[in-house]
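# Observations on chain architecture
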Amino acid sequence: MDTRLDQETARWLRWDKNPLTLESVKQLIADGNKEELEKCFGARMEFGTAGLRAPMGAGISRMNGLTIIQTTQGFCRYLEKQFSDLKQRGVVISFDARAHPPSGGNSRRYLKILKKPFLVVYLVGLFLITLHSFVSYMA
């Protein structure tokens, strides 16, 4: 593997607390599956106008507990700088019905992770994926 990929996977192995995603990365490394490791660790998932969009699974390119925690921390810090009354205002968080049993990931689990740093949270449960972007228009 290349140095960057080695560094990303080593960091992942230190930080990931989900035994399912942790084991899947260990197995990819043991198998020497560079192609799949590159898909999982090639580029960090980005936050866009419709929120986080990526397949669920292990790695920084995927939706999983660790990337949700990291993104939430960064987003929370940003919002706190932009809105001095954030703790009174709250945030709107939506979720859908997606799930990925091999990684133990699902939208409801990620929702629990997301709402921890915020004191006031308005939840919008959307079970039709086509309606997920509706939250962008609520404000």
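Report follows, based on the coordinates. These numbers were taken from a predicted model, which means no experiment stands behind them.

Another aspect to go through is the packing of helix α1 (residues 3–15) against helix α2 (residues 19–31). Taken N-terminus to C-terminus, the directions of α1 and α2 make an angle of 145°; their axes are 10 Å apart at the nearest point. In terms of crossing hand, the pair formed by α1 and α2 is left-handed. Residues Thr9, Trp12 and Leu13 of α1 lie in contact with α2, whose contacting residues are Thr21, Leu22, Val25, Lys26 and Ile29. Its residues placed into classes, the contact of α1 with α2 shows 5 nonpolar, 2 polar and 1 charged.

Time to look at the pattern of salt bridges. Here the structure, examined in full by the defined rule, presents 4 salt bridges. The shortest N-O distance in the salt bridge between Arg11 and Glu8 comes to 3.2 Å. Within this pair, Arg11 and its partner Glu8 are both found in helix α1, separated by 3 residues, close to a single helical turn. Here Glu8 falls in the buried class, since its relative accessible area comes to 17%.

A complete count under the given rule lists 2 cavities of 30 Å³ or more for this structure. Put simply, the second largest cavity is a space of about 30 Å³. What lines the second largest cavity is simply Glu8, Arg11, Trp12, Trp15, Arg44, Ile60, Leu66 and Gln70. Elements represented by at least two residues in the lining of the second largest cavity include exactly α1 and α4 (65–82). With 4 residues, the single largest contributor to the lining of the second largest cavity is α1. Within the lining of the second largest cavity, the residues separate by chemical class into 4 nonpolar, 1 polar and 3 charged.

Attention now moves to the side chain of Asp16. Its place among the elements puts Asp16 in the loop between α1 and α2. By relative accessible area, Asp16 is classed as buried at 7%. A distance of 2.5 Å separates polar atoms of two side chains, one belonging to Asp16 and the other to Thr21. Excluding residues that lie within four positions of it along the chain, Asp16 makes contacts with Thr21, Leu22 and Leu66.

Tracing the chain through its elements places Asn18 in the loop between α1 and α2. A distance of 2.7 Å separates a polar side-chain atom of Asn18 from the backbone nitrogen of Leu20. A polar contact is formed between the side chain of Asn18 and the backbone oxygen of Ser103, at a distance of 2.8 Å. Filtering out sequence-adjacent residues up to four positions away, Asn18 remains in contact with Ser103 and Arg109.

On to the packing of α1 against helix α3 (residues 34–41), then. It is at 11 Å that the axes of α1 and α3 come closest, and there the two elements cross at 70°. In terms of axis orientation, α1 runs roughly perpendicular to α3. Pair α1 / α3 crosses with left-handed handedness. On the side of α1, the interface is formed by Arg4, Leu5, Glu8, Thr9 and Trp12, while α3 contributes Lys34, Leu37, Glu38 and Phe41. Considered class by class, the residues forming the contact of α1 with α3 number 4 nonpolar, 1 polar and 4 charged.

Thresholds, definitions, all that
- Residues numbered from 1 in each chain as written.
- Predicted model: local features only at pLDDT ≥ 70, side-chain atom pairs only at ≥ 80, totals over all residues.
- Heavy atoms only, no water.
- Axes fitted to C-alpha atoms, helices over the stretch in contact; angles between N-to-C directions.
- Helix = DSSP H or I, 4+ residues; strand = E, 2+ residues; numbered from the N terminus.
- Left-handed = near helix turned anticlockwise from the far one by under 90°.
- Contact = heavy atoms within 4.5 Å.
- Nonpolar A, V, L, I, M, F, W, Y, C, P; charged D, E, K, R; others polar.
- Salt bridge = Lys/Arg side-chain N within 4 Å of Asp/Glu carboxyl O.
- Buried < 20%, exposed > 50% of the residue type's maximum accessible area, 1.4 Å probe, protein only.
- 1 Å grid on protein atoms, 1.4 Å probe; cavity = no way out; pocket = protein on both sides within 12 Å on 5 of 7 lines; lining within 4 Å.
- Points joined across faces, edges and corners; volume = space filled by probe spheres on them.
- Polar contact = N/O pair within 3.5 Å; in protein donor to acceptor, adjacent residues only side chain to side chain.
- Parallel < 35°, antiparallel > 145°, perpendicular 65-115°, else oblique.

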